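# Tertiary structure, described
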Amino acid sequence: MHPDWEKILRSQFELPYFKHLADFVSNQYLSERCYPPENEIFSAFNHNTPEQVKVVILGQDPYHSEGQAHGLCFSVPDGVGIPPSLKNILKELQNDLGTSIVKSGDLSNWAKQGVLLLNATLTVQAHQAGSHQGKGWEVFTDCVIKQLSETQENLVLLLWGGFAQKKKKLIDDRKHLVLTSGHPSPLSANRGYWFGNKHFSKCNTYLIEKGRDPIDWNL
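Worth saying up front: this structure is predicted, and the values here are computed from it rather than measured.

### Some remarks on the nonpolar core
Formed by 63 residues in total, the largest nonpolar core has its most connected members in Val55, Ile57 and Trp110. Considering every element that reaches this core, the biggest residue donor is helix H5 (residues 137-151), with six residues. Discounting chain neighbours no more than four positions away, the residues touching valine 55 are Gly114, Val115, Leu116, Val156, Leu158, Cys203, Leu207, Ile215 and Trp217.

Shown next, in the form of structure tokens:
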């Protein structure tokens, strides 16, 4: 974790819930196969500082199949097959901005430009979706969102699906732009709740209006 993140989140590390969480995660990684790799659990906090964040995209859990999760929500390492939700994200990106067809699902380039790709739960047991929910991660990541809302200005928060939209209560929408839509999963997208939201162009329009550099969404 970047020292600037550690500084603003340090108080969380000392709380009882986080100590219980750390013990749980440590034991899980010792006894079960879990994702992402331990050295990538906090990867979302290594690509930028709090002051550099422009956009927040919120996911729910890391991918739970071998080789997919690397600490950035919706992203997979280069060379790994692109999961269905990410395929729909990239299709909407192409439709919205006319970007070229993407063959890699690695979103690290977004993260380096100030897109915080944050899962609400940062770890998961292999092939057990949601297995690390309710252990304390949500308390921690809610704190991250609230801290950003309170201390930063002119952020864009992309809340996709019902789970992410519940986090809206943590955000001061008087000083940040909150964009909501259906989830990019095939179930939601095929029902018409995802495609056409134009979140990528809306995001950049807002950033430019606020005097901030837009995101180059090309991968």
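### Digging into the sheet that holds strand S5 (residues 156-160)
As summarised here, the arrangement of the four strands in space is S3-S2-S5-S6, forming an open sheet in which the pairing is parallel. Because the sheet does not close on itself, it has two edges, and the strands there are strand S3 (115-119) and strand S6 (177-181). Neighbour-to-neighbour, the strand axes of the sheet open up by a mean angle of 20 degrees, direction not taken into account. Here five bridges tie S5 to S6, and the two strands are oriented parallel to one another.

### Focus: the packing of helix H1 (residues 3-13) against H5
Close contact between H1 and H5 brings their axes to 11 Å; oriented N to C, the two are set at 135 degrees. Taken together, the axes of H1 and H5 lie oblique to each other. As H1 runs across H5, the sense of the crossing is right-handed. The residues of H5 that touch H1, namely those facing Trp5, Ile8, Leu9, Gln12 and Phe13, are Phe140, Cys143, Val144, Gln147 and Leu148.

### Digging into the environment of glutamine 60
As for its position among the elements, glutamine 60 is in the loop between strand S2 (55-59) and helix H3 (84-97). Classification of glutamine 60 as partly exposed rests on a relative accessible area of 35%. The residues touching glutamine 60, leaving out its near neighbours within four places in the chain, are Asn119, Ala120, Thr121, Gln133 and Phe163.

### Points about the packing of helix H2 (residues 16-31) against H5
It is the contact of H2 with H5, at a shortest axis distance of 9 Å, that shows an interaxial angle of 125 degrees. Classed by the angle they form, the pair H2 and H5 counts as oblique. Contacts from Tyr17, Phe18, Leu21 and Val25 of H2 reach H5 at Trp137, Val139 and Phe140. Partitioned by chemical class, the residues of the contact of H2 with H5 number seven nonpolar, no polar and no charged.

Basis of the calculations
Residues numbered from 1 in each chain as written. Predicted model: local features only at pLDDT ≥ 70, side-chain atom pairs only at ≥ 80, totals over all residues. Heavy atoms only, no water. Core = buried A, V, L, I, M, F, W, Y, C linked by side-chain atoms within 4.5 Å. Buried < 20%, exposed > 50% of the residue type's maximum accessible area, 1.4 Å probe, protein only. Helix = DSSP H or I, 4+ residues; strand = E, 2+ residues; numbered from the N terminus. Contact = heavy atoms within 4.5 Å. Pairing = 2+ DSSP bridges. Axes fitted to C-alpha atoms, helices over the stretch in contact; angles between N-to-C directions. Parallel < 35°, antiparallel > 145°, perpendicular 65-115°, else oblique. Left-handed = near helix turned anticlockwise from the far one by under 90°. Nonpolar A, V, L, I, M, F, W, Y, C, P; charged D, E, K, R; others polar.

In short, geometric facts, not functional conclusions.
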